Amino acid sequence: MKIALANDHAGYALKEEVRELLQNEGHEVLDFGTYDEEACDLPDFIYPASLAVAEGKVDRGIFIDGVGYGSAMIANKIYGVSAAVCQDTFCAELARSHSNTNVLCIGGKIIGSALALEIVKVWMNTEFLSDIEKYKRRVDKVNDIAEKHLKKL
Ligand SMILES: O=C(CO)[C@H](O)[C@H](O)COP(=O)(O)O
């Protein structure tokens, strides 16, 4: 898959590890920055990466900041993006299998890199259970809300 990575200063170190994992597993990475640990403003990097997901320039996004929720707040404002913050592998599995998210947000300051990389692996390798009616129905309802309230690109 083609994956957009984006991060702020607090997520930079973990982003580098996630990039290595993804590339080792054969994925193509598009890195939207930031590219070091100098303090920056998260929206400057998460917004363009979210647009790349929404416009189909990448298959999915993985966004990393200090705790994860700032990235998810930004990403979920964009039509076509569905982002979850995950702090464990169970959450990562359901974020794909039940909720069909296309963006994973993780906090580089709250989980160790070994767990973070497990979360990435599970999220990358779990399919949406679209043939289970209740999950499809719920995701359709979320998408209906986006249709009503988010601006289409
Ligand atoms: O976790 C975050 C947002 O969800 C940010 O990484 C965090 O707010 C950055 O804070 P600071 O500029 O004090 O390092």
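What counts, and where the lines are drawn
Residues numbered from 1 in each chain as written. Predicted model: local features only at pLDDT ≥ 70, side-chain atom pairs only at ≥ 80, totals over all residues. Heavy atoms only, no water. UniProt positions renumbered as here; feature names shortened; annotations may be inferred. Buried < 20%, exposed > 50% of the residue type's maximum accessible area, 1.4 Å probe, protein only. Helix = DSSP H or I, 4+ residues; strand = E, 2+ residues; numbered from the N terminus. Pairing = 2+ DSSP bridges. Right-handed = clockwise from strand over helix to strand, strands pointing away.

The protein chain is annotated in an unreviewed UniProt entry as Ribose-5-phosphate isomerase of Anaerobacillus alkalidiazotrophicus. Within the UniProt record for the protein chain, the comment given under Sequence similarities (unreviewed entry) is "Belongs to the LacAB/RpiB family."

A. Fine view of the pairing of strand β2 (residues 28-31). Only one face of β2 is buried: it carries Val-29 and Asp-31, and the other face, with Glu-28 and Leu-30, is open. Sheet topology note: the strand β1 (residues 2-7)/β2 ladder contains 4 bridges and is parallel. Along β2, the bridge assignment pairs Ala-4 with Leu-30. Crossover β1 to β2 through helix α1 (residues 12-24) is right-handed.

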